[in-house]
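Geometric and topological summary
One letter stands for each residue in the lines below.
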Amino acid sequence: MFVNVILAVAVLLVTGVIAAIILALASHYFGIPVDETVHKVRACLPGANCGACGYTGCDGYAEALAAGGVKTNLCIPGGSEVSKSLAEMLGVDAEDVVKFKAYVHCNGTPEATEKSAEYDGLLTCNAMCLSCAGPDACKYGCLGCGDCASVCPTHAICVEDGVARVNPDRCISCGLCVKTCPKHIISLIPEDARVAVICSSHDNGAATRKKCSVGCIACRKCEKTCPYGAITVEDNLAKIDYEKCTGCGMCAEVCPVKCIAVRKSN
Amino acid sequence: MDYKILIYILLTSVFVNNYVLQRFLGICPFLGVSKKLDQATGMGISVIFVMIMATAATWPVQKYILEPLGLGYLQTILFILIIATLVQFIEIALKKFIPALHKSLGVYLPLITTNCAVLGVTINNITDGYNFIESMVSSLGCGLGFLLAMVLFSGVRSRIEGSDVPEAFKGLPITLVAASIVSLAFFGFGGIVDNLFA
């Protein structure tokens, strides 16, 4: 009787010990050292895996952070708090997260633009866009029916003078308007951007002139003027690189059609 | 070696005695990771792998340690111990030697550590009196059956997702109803395999 009990205990004990030894040896010989900082950094990140940082999810960003040389302010959902705690952990200077605001890249008010057709149909931008790309002569500009305004959850967009305008104080940079606009003329730009191009026309200068008095004519004056090389004309449209832009406003001064706007600083 | 009996064991364990749909073991991963086809396939393949390894480890233990010592009642606890160790060991080894495979199976391996389907296969192989080769074929069949159930059910679930389910049935209830209907369908295999070899 007793022998049986002892035998059972012994068998289990021996098996357990063997299992423990095997696992201990395995983790000793096969184990791959895991970088502790990656784990700590990963725990700090919100885990939304949104990809806004430009890496493949939070794991990718954590690895890049642990490897060093990467800014801590790339996580937009985490905001400045995450940036701060990351910087504390990694021993680097904290930088605030750059907030984005929606911006409508068109200034084509009815006075400035020409019409090529009369439209008498459903008053949504989408419907307008489907019928010959809308009644405006410029096929790139704002249609002014306010599809963006109707999807905006915070009522930050209103159509003023035939063009949609974003109130940056209300914008939460959700990007719904960016997705909704059938002309794709809304984009998210950094909150502290001082200048922005208010035209989306890829027509050449002569063609744009005929249709709109405030459209970008691709004269490249801004490109030549900018001392930081932050502005380039691509495909007949000026484009600002906000990484390089210092907000000096010289481009806006030289622009002959005033299609570069100076935004008020916050 | 009688190949007929091996084929018989394989077919019965895939279709007739399907672990998920007929014996109702391993329901947890069946409901948990059957939402997407790629996950379901990954889980199914991991289960096949672990079932075969577990049988290869536990059958000799039962035959050469437990039975001669008359300790048959230690079967369950000892098998759990062995399977858990084995899965952990496989995970460590895979991470080291085949990182690509570890990346695709790694998520599922800890889930299977003490999965009842794996334990069920090893114990049933003993109670059914299979020899070593038969046990291995049986566990391969059971794993294939698990994979089949997972893949079929992930298809069913993706159809459910697109359909208009009454409010009270949304989520788990409708999934369980669907699972029971798939299970009913598998009862139809009962007579087929027996008659094939009659």
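Residues numbered from 1 in each chain as written. Chains lettered and ligands numbered in written order. Predicted model: local features only at pLDDT ≥ 70, side-chain atom pairs only at ≥ 80, totals over all residues. Heavy atoms only, no water.

For chain B, the helix and strand inventory stands at 10 helices and zero strands. Counting from the amino terminus, chain B carries its helices and strands in the arrangement α-α-α-α-α-α-α-α-α-α. Relative to its full complement of 198 residues, chain B shows a buried share of 46%. Long-range pairs, those at least 24 residues apart, make up 78% of the contacts in chain B between residues at least 6 apart in sequence. Split by element, the accessible area of chain B, about 9,800 Å² in all, is 69% carbon and sulfur. (Helix = DSSP H or I, 4+ residues; strand = E, 2+ residues; numbered from the N terminus. Buried < 20%, exposed > 50% of the residue type's maximum accessible area, 1.4 Å probe, protein only. Contact = heavy atoms within 4.5 Å. Areas by Shrake-Rupley, 256 points an atom, 1.4 Å probe, with all protein chains shown as cover.)

Residues and elements named next belong to chain B. Of the residues in chain B, 96% have a pLDDT of 70 or more, and the chain-wide mean is 85. In the model of chain B, helix H5 (residues 99-105) stands out as the element of lowest mean pLDDT, 72, in contrast to helix H8 (residues 132-161), which has the highest, 91. Taken together, the chains of this predicted complex give a pTM of 0.56 and an interface ipTM of 0.72. (pLDDT = per-residue confidence, 0-100.)

With that out of the way, let us pick up the interface of chain B and chain A. Taken together, the contact pairs 18 residues of chain B with 16 residues of chain A. Both faces considered, chain B and chain A share a buried interface measuring about 1,400 Å² in area, 88% of it formed by carbon and sulfur atoms. Applying the counting rule to chain B against chain A returns zero salt bridges. Our enumeration of links across chain B and chain A arrives at zero residue pairs in polar contact (both at pLDDT 80 or more). Put simply, the parts of the chain that give the side of chain B that touches chain A at least two residues each are helix H3 (37-69) and helix H4 (75-97) of chain B. With 12 residues, H4(B) is the largest single contributor of residues to the side of chain B that touches chain A. Its residues assigned to classes, the side of chain B that touches chain A comprises 14 nonpolar, two polar and two charged. (Buried area = accessible area lost by both parts, 1.4 Å probe. Salt bridge = Lys/Arg side-chain N within 4 Å of Asp/Glu carboxyl O. Polar contact = N/O pair within 3.5 Å; in protein donor to acceptor, adjacent residues only side chain to side chain. Nonpolar A, V, L, I, M, F, W, Y, C, P; charged D, E, K, R; others polar.)

Our next topic: the pairing of strand S1 (residues 100-104) of chain A. All names here are of chain A. Burial within S1 is extensive, with four of its five residues counted as buried. Here S1 runs beside strand S4 (residues 186-190); their pairing, made up of five bridges, is antiparallel. Bridging from a neighbouring strand, Ala102 pairs with Leu188 of S4. (Pairing = 2+ DSSP bridges.)

A word on the packing of aromatic side chains. Residues and elements named next belong to chain B. Under the counting rule described, the total for this entry stands at four aromatic pairs over all chains. A ring pair is formed by Phe15 and Phe189, whose centres lie 4.7 Å apart and whose planes are at 40°; its orientation type is tilted. You can see Phe15 sitting in helix H1 (residues 3-16) and its partner Phe189 sitting in the loop between helix H9 (172-187) and helix H10 (190-196), a full 174 residues away along the chain. Overall, the relative accessible area of 24% leaves Phe15 in the partly exposed class. Taking relative accessible area as the criterion, Phe189 reaches 27% and is therefore assigned partly exposed. Three or more aromatic residues link up through ring pairs in this structure, and these residues are Phe15, Phe186 and Phe189. (Phe/Tyr/Trp six-rings, centres within 6.5 Å; stacked < 30°, edge-to-face > 60°.)

All names here are of chain A. In terms of strand pairing, strand S2 (residues 157-160) meets strand S3 (residues 163-166) through four bridges, oriented antiparallel. By the bridge assignment for S3, Cys158 is matched with Arg165. Connecting the antiparallel pair S2 and S3 is a turn made up of two residues, with Asp161 showing a positive phi of about 55°.

We now examine the side chain of B:Ser46. Take B:Ser46: it is sitting in helix H3. Within polar-contact distance, the side chain of B:Ser46 engages the backbone oxygen of B:Gly42 at 2.7 Å.

All names here are of chain A. Viewed as axis vectors pointing N to C, helix H2 (residues 36-44) and helix H3 (residues 57-67) meet at an angle of 130°, and their least axial separation amounts to 8 Å. Taken together, H2 and H3 sit at an angle that is classed as oblique. Between H2 and H3 lies a crossing whose hand is right-handed. Two secondary-structure elements touch here, H2 through Thr37, Val38, Val41 and Arg42 and H3 through Cys58, Asp59, Ala62, Glu63, Leu65 and Ala66. Taken together, the residues of the contact of H2 with H3 sort by class into six nonpolar, one polar and three charged. (Axes fitted to C-alpha atoms, helices over the stretch in contact; angles between N-to-C directions. Parallel < 35°, antiparallel > 145°, perpendicular 65-115°, else oblique. Left-handed = near helix turned anticlockwise from the far one by under 90°.)

What follows deals with a nonpolar patch on the surface. Residues A:Met1, A:Phe2, A:Val5, A:Ile6, A:Val9, A:Leu13, A:Val17, A:Ile21, A:Leu25 and A:Tyr29 make up a contiguous nonpolar surface patch of about 1,100 Å² in total accessible area. Position of A:Val9 among the secondary structure elements: in helix H1 (residues 2-29). (Patch = residues over 30% accessible without salt bridge, like charges linked within 9 Å, V, L, I, M, F, W, Y side chains within 5 Å.)

The next subject is H8(B). For H8(B), with 30 residues, the first-to-last C-alpha span of 43 Å sits near the 44 Å given by 1.5 Å per residue. Its side-chain oxygen placed 3.2 Å from the backbone nitrogen of B:Ile133, B:Asn131 serves as the N-cap of H8(B). (Expected span 1.5 Å × (residues − 1).)

With that settled, the discussion passes to the nonpolar core. Judged by nonpolar contacts, the single largest core of 48 residues is most densely connected at B:Phe30 and B:Met43. Considering each element in turn, this core owes the most residues, nine residues, to H3(B). Setting aside residues no more than four positions away along its own chain, B:Met43 makes contact with B:Pro29, B:Val33, B:Tyr108, B:Leu111, B:Ile112, B:Phe146 and B:Met150. Counting residues in each nonpolar core, the second largest holds 20 residues, with A:Val197, A:Val233, A:Ala252 and A:Val257 among its members. (Core = buried A, V, L, I, M, F, W, Y, C linked by side-chain atoms within 4.5 Å.)

Okay, unusual backbone geometry next. The phi torsion at A:His155 lies on the positive side, around 55°, for a residue other than glycine. Along the chain, A:His155 turns up in the loop between helix H6 (147-151) and S2.

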